[in-house]
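Observations on the model geometry
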Amino acid sequence: MSIYRLAQNFEIKFWNAVIPVISEEGPLMKTIRSIKQIAPSKPRNIALLILVWAAIGFVSGVILGRLILIFQIL
């Protein structure tokens, strides 16, 4: 299987998993709506921003680690 085909399959699987999560009735939007009802505005936004960036960093690290493991760059 070529790298191009592998990347296409990965992208399709990624979006098939992410789109239901971030949809209007998905778990992410339900969580955000419930947090908005509970917490005040400014601290809530800062905490949510920290959580989002932490998740982005974690996922990026996992993906980078897998790529290094696959291609054995180091």
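What counts and what doesn't
- Residues numbered from 1 in each chain as written.
- Predicted model: local features only at pLDDT ≥ 70, side-chain atom pairs only at ≥ 80, totals over all residues.
- Heavy atoms only, no water.
- Helix = DSSP H or I, 4+ residues; strand = E, 2+ residues; numbered from the N terminus.
- Rg over C-alpha atoms; globule rule 2.2 N^0.38 Å.
- Buried < 20%, exposed > 50% of the residue type's maximum accessible area, 1.4 Å probe, protein only.
- Areas by Shrake-Rupley, 256 points an atom, 1.4 Å probe, with all protein chains shown as cover.
- pLDDT = per-residue confidence, 0-100.
- Phe/Tyr/Trp six-rings, centres within 6.5 Å; stacked < 30°, edge-to-face > 60°.
- Axes fitted to C-alpha atoms, helices over the stretch in contact; angles between N-to-C directions.
- Parallel < 35°, antiparallel > 145°, perpendicular 65-115°, else oblique.
- Contact = heavy atoms within 4.5 Å.
- Nonpolar A, V, L, I, M, F, W, Y, C, P; charged D, E, K, R; others polar.

**Description of the overall build of the chain**
- When helices and strands are tallied, the chain shows three helices and zero strands.
- Taken against the 2.2 N^0.38 rule, which gives 11 Å for 74 residues, the C-alpha radius of gyration of the chain at 17 Å runs more than 25% over that of a compact globule.
- Principal-axis analysis of the C-alpha atoms places the extent of the chain at approximately 50 × 30 × 10 Å.
- Within the chain, the fraction of its 74 residues that count as buried is 3%.
- Carbon and sulfur atoms make up 73% of the accessible area of the chain, which totals about 6,600 Å².

**Thoughts on the confidence of the model for the chain**
- Summarising the model, the chain shows a mean pLDDT of 84, and 96% of its residues fall at 70 or more.
- Element-level pLDDT for the chain is lowest in helix 2 (residues 27-38), with a mean of 82, against a maximum mean of 88 in helix 3 (residues 41-71).

**As for the packing of aromatic side chains**
- By the definition in use, this model includes two aromatic pairs.
- Taken together, a centroid distance of 6.4 Å and an interplanar angle of 25 degrees make the contact between Phe10 and Phe14 stacked. Of this pair, Phe10 and Phe14 both sit in helix 1 (residues 3-22), four residues apart, which is roughly one turn of the helix.
- Taken together, a centroid distance of 4.9 Å and an interplanar angle of 75 degrees make the contact between Phe14 and Trp15 edge-to-face.
- For Phe14, a relative accessible area of 37% gives the class partly exposed.
- Taken together, the ring pairs connect Phe10, Phe14 and Trp15 into an aromatic cluster.

**Brief notes about the environment of Glu11**
- Residue placement: Glu11 occurs in helix 1.
- According to the relative accessible area criterion, Glu11 is partly exposed, its value standing at 46%.
- A C-alpha to C-alpha distance of 17 Å links Glu11 and Gly61, two positions 50 residues apart in sequence.

**Remarks on the packing of helix 1 against helix 2**
- Between helix 1 and helix 2, the shortest axis-to-axis distance is 5 Å and the interhelical angle comes to 30 degrees. Considered as vectors, helix 1 and helix 2 are oriented roughly parallel to each other. Of the residues in helix 2, those touching helix 1 at Pro20, Val21 and Ile22 are Pro27, Leu28 and Met29.
- Of the residues contributing to the contact of helix 1 with helix 2, the split by class is six nonpolar, no polar and no charged.

**Some remarks on the environment of Glu24**
- In this fold, Glu24 is placed in the loop between helix 1 and helix 2.
- It is 32 Å that separates the C-alpha atoms of Glu24 and Leu67, two residues lying 43 residues apart in sequence.

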